[in-house]
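The lines below spell out each chain.
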Amino acid sequence: MFDTFLDYVKNLFKSRLFPITLIYLALFFIIIHRLFVLQIVQGQIIAKDGQIKDVEYREIESARGNFYDCKGKILASNALTYSVVMEDSTKIESNEQRNEIIYRLINMIESNGDTLDNEFYIIKNKKGELEFTLKKDDLIRFKKKVYTYVLEDGELTDEQKNATAQEVYEFLKTGEGYTKITTMFQISDKYSVEDTLKIMSIRYALLCNYPKYVPITVASNISKKTTAAVEENSSELKGVDVVQQTHRVYEDSKYFANIIGYTGLINQKELDTYNADTKVYDMTDVIGKTGLEMKYEEVLKGTNGIETVSVNTSGKVIDVIDHTDPSAGNDVYLTIDSDLQIGAYRLLEREIANILLDNMSTKIDDYGSKGESAADIKIPIYEFYNALINNNIIDINHFNAKDATSLEKETYQKYRDSSEDVFQQLETYLNIDNTVTNDKAGEMQDYLNYYYSVMKSSGLLLVDKIPDNDQSLLDYKNNKTSLSSFIITALANNWIDLSKLEVGDKYYTTDELYEKIVVNLKNDMQSDDIFNKMIYRNLVFSYKLSGTEICLLLFDQGVLKYNNEEVNDLKNGNISPYDFIREEINSLEITPAMFALTPCSGSVVITNVKTGDVLALVSYPGYDNNKFAGKIDEDYFNQVNNDLSRPLRNKPISEAVAPGSTFKMVTAVAALEEGATTPTYEVYDLGEFTKITPSPKCHVYPSSHGSVNIMDALAVSCNYFFFEMGWRLSLDSSGKYNPDKGLATLREYATMFGLNKTSGIELNESKPQISTIDSVRSAIGQGNNLYTPVQLSRYVTTLANKGTCYNLTLLDKVVTNDGNVVTDNSAIVNHKLDKIKDVTWDTVQKGMYNVVNIPKGSVYSTFKDFGVTVAGKTGTSQISTSIPNNALFVSYAPYEDPEISITTVIPGGYTSHNTALLAKNIYSLYYGFNDIDTLLADEANSSTKSATIE
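Here we take up the overall build of the chain. Looking only at helices and strands, one finds 36 helices and 27 strands in the chain. Taking all 950 residues of the chain together, 51% fall into the buried category. Measuring between centres, the 92 positive side-chain charges of the chain sit 3 Å from its 130 negative side-chain charges.

Before going further, it helps to examine helix 16 (residues 445–457). When the terminal C-alpha atoms of helix 16 are compared, their 19 Å separation across 13 residues agrees well with the 18 Å that a helix rising 1.5 Å per residue should span. All of the buried residues along helix 16 are Tyr447, Leu448, Tyr450, Tyr451, Tyr452, Val454 and Met455. Structurally, helix 16 contributes buried residues whose contacts are with helix 15 (406–429), helix 17 (471–477), helix 18 (483–492), helix 19 (510–526) and helix 20 (529–541). Downstream of helix 16 by a residue or two, Gly459 has a phi angle that is positive, lying close to 85°.

On to the pattern of salt bridges, then. Enumeration according to the criterion identifies 33 salt bridges in this entry. As a salt-bridge pair, Glu236 and Arg104 come within 2.5 Å of each other at their nearest N and O atoms. Here Glu236 is found in the loop between helix 8 (224–232) and strand 9 (240–250), whereas its partner Arg104 is found in helix 3 (residues 95–111), with 132 residues between them in sequence. Its salt-bridge partner being Lys124, residue Glu194 comes within 2.8 Å of it at the nearest N-O pair. Residue Glu194 is located in helix 7 (residues 193–208), and its partner Lys124 is located in strand 6 (residues 122–124); the two are separated by 70 residues in the primary sequence. In this structure Glu194 comes out as partly exposed when scored by relative accessible area, which is 37%. The partly exposed category is assigned to Lys124, whose relative accessible area is 37%. Among the charged side chains, a salt-bridge network with shared partners connects Arg64, Arg248, Glu293 and Glu297.

As a further point, take the environment of Leu686. Counting through the fold element by element, Leu686 comes out in the loop between strand 19 (683–684) and strand 20 (707–708). Relative accessible area serves as the criterion here: at 56%, Leu686 is assigned to the exposed category. Sequence separation of Leu686 and Tyr720 is 34 residues, and the distance between their C-alpha atoms is 7.2 Å.

What follows deals with the packing of aromatic side chains. Per the stated rule, a full pass over the model turns up 47 aromatic pairs. Centre to centre, the rings of Phe663 and Tyr787 are 6.4 Å apart; their planes meet at 5°, and the pair counts as stacked. Remark: Tyr787 occurs in the loop between helix 31 (775–778) and helix 32 (789–800) and Phe663 occurs in the loop between helix 26 (651–654) and helix 27 (664–673); sequence separation between them is 124 residues. Of the two residues examined, Phe663 and Tyr787, each falls in the buried class. A ring pair is formed by Phe753 and Trp841, whose centres lie 6.1 Å apart and whose planes are at 85°; its orientation type is edge-to-face. With Phe753 in the loop between helix 30 (739–752) and helix 31 and Trp841 in helix 33 (residues 838–853), the pair connects residues that are 88 residues apart, well separated along the chain.

Rules behind the numbers
- Each chain has its residues counted from 1, following the order in which its sequence is written.
- Reporting of local features is limited, given that this is a predicted model, to residues whose pLDDT is at least 70; pairs of side-chain atoms are given and counted only at 80 or more, and all residues count toward the totals for whole chains, interfaces and linings.
- As a rule here, side-chain values come from all non-hydrogen atoms in the structure, and water together with hydrogens is ignored.
- Secondary structure elements are defined from DSSP: runs of H or I of at least 4 residues count as helices, runs of E of at least 2 residues count as strands, and each element is numbered from the N terminus.
- Think of it in three bands: residues with accessible area under 20% of the maximum for their type are buried, residues over 50% are exposed, and the middle band is partly exposed, with areas taken using a 1.4 Å probe on protein chains only.
- Asp and Glu count as negative and Lys and Arg as positive, but His and the ends of the chain are not part of the count.
- By convention, the charge on Lys lies at NZ, on Arg at CZ, on Asp at CG and on Glu at CD.
- Expected span of a helix: the number of residues minus one, times 1.5 Å.
- The contact criterion used throughout is that any non-hydrogen atoms of two residues lie within 4.5 Å.
- When a carboxyl oxygen of Asp or Glu lies within 4 Å of a side-chain nitrogen of Lys or Arg, that pair is called a salt bridge.
- Note on ring pairs: Phe, Tyr and Trp rings are taken, using the six-membered ring of Trp, and paired if centres are within 6.5 Å. Classes follow the plane angle, with under 30 degrees stacked, over 60 edge-to-face and the rest tilted.

Written out as structure tokens, the structure is:
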């Protein structure tokens, strides 16, 4: 028999099946080894020594891809940090134990200066009431998750849909209202509401987490102190661990935040969306929340690894059973030139500062032409003082803090005294028998108006129940009846939500209900920041809170670095507060954004006109997206969210403005192509265009530009010439004026330049609006034309390259972690303007050349003897007579062979000469005529003056 076996083995070696046989034998022996050495049964292993060990599955985080600029400079990357994680451990025997562990963990984290990551959707508001932070579908989704274990057929009941924040809180806390439920959190009354909400945030994250073996992140990017505290108490913190994770880091953050956006912990809505088809994410994942981080989520996200480990009864890892490596995400290279982006941002900020300085007035009541004309509006210095309080640069809530300075305490006492006086006067005007209307209430008018607005916004006044043509409301709004009289009428008509007054079922007379409303409003006002700032404004403008005190408060609160010499100069009168504020603005120690006066914001868009690449997309002011990465710094979020300069708003893609005269090239192309004019045909500027009523006027009226052809008209921005073109484009075949025909023609040509749709860049833009009213005024960019700076940028890019309308792009390429290019991106050509005649292109471009380069051109003095030939067009669009005009400038260079375009927009920037100067400085930077420091220094020196306070 043995010989027979040997013969079989010999034949096997000779067989073609021998390699396959070897593989099967190897697998057989591995299985036998596993059976004898380790036996895995229901999440446990039995080792050969007979000891039972638990099996755990742990994710290994993958590295997110980086962002780079067009030159390879890193813009966003990852840093290794430590995080506290927690799993839904079976070693915790009760809700009481779990809550106590979480409570101890929270105290360890917060006592060491770190914060929790988990987002929860119930908060305690200033009134001490619980409220949801979600609305509509998001709130329903949250409630569905909360009531998971008591849903009927997977759907919420009407009672659950309508549950208040307090009711959801009580349900999560104890399962209140559902006697059969034992799976809720059972949080003891010994914890405060604030602590209960924090415990709930972690319990809710654990409830939502799937798969359960993956721990949730409780706190990321923690300090060494927190790490040590958790590790020292690890034996008592079951299910808690400290792990190494990556944390997103953004370089030069404020300059690029509007483009890149930020990352954050995934929420339930996002989880449902991303996992709609295939499970890709779990509750521990960090995803792109905004900007290109969100746009390229699938590109940047790597694939997590996973390891199977055995642990002992204390949770300590004994052995790694299996291991799959993570794979890193791809890197994204942008078309943005980071040096140009930063330089343009700084020059934009400098220009806005100069505009404020140029229009600052020493007189308390000198508003220039405000209310009559937007041309020469002034900003009194007292508006600057007040703005520092109004925009929360000076924190009024710190005036009565324990560590408040003596000056802060004195300021608070001034507020208290003034507040008492205001409320005493308001009692008179809110007396039930008062008949004095708001406009006759003197200094109390603004306070009374604010009372009414709060009644609406708080829901106390049920606006939806009031008929649109109700006479009592119209009488109140037209100052024919007093606020008190209107409130009585509202009570009589059941327009007041009595539940807000907590009257219950008890009967109250109208007088008693009225008194409750007045008391309720007064209580609300005492903690209302807007109302309190109105009181501080009154203190500033009544000289009770001086400019010197405002300046000193900047030092007391750390807004400005303490400087003993400057403080003493202010106290001793060696420098006036006016001059001090000017110096701080000029040095940009106090920036335009901090004041949030007009102007305080702006945009710059720079493109390569030959490729459609966006080289810079500047939004001023910016913000620090590092404060939002992974988890949101709540204090910082509140600061920027309440900032009146709106740093979170991406200005180049979201802030649509009337284009003003920058639209005239559309009209010029339309007029030339449709035969309404020729390159040499001249129109005499009569000043007032009387062919329509009301009759628009040229901006130099009652002067005149004289006889101008289309190139001259662009050079001097002659409105009359383009009114005539709008008129001619509106004439039907019988010679009759038909504005709809003119509007249709203007729309056709605006569409050719891409102004009918978003620009194509990989961010969410506001939609453009081509004018639908008044063809004559629309021809000069008025009507209701509205475009974002990036849409105007695509338009001027198309003008510069003579007809290639790109979908602008921010993406250069996508590269794998080991350097392979997987996407080499180029801007898509949306369409070409093939039918536009060469003479039309040459004529319009020559007109733009004339704007900049001939003596009568709009901005010739700005660009005189400049080192590169620029072609451009100014634009000034009026908002109202009470707000400075918007300032715009679209341009490209070199004129002879266009390479780049620059679009600059400053809302409320007074005049387009300001945006033209900004563009010139950016060209100077781009072409290397001057470095950024020289340009900034020159601009700082151009706006310095001193004055005596009047």
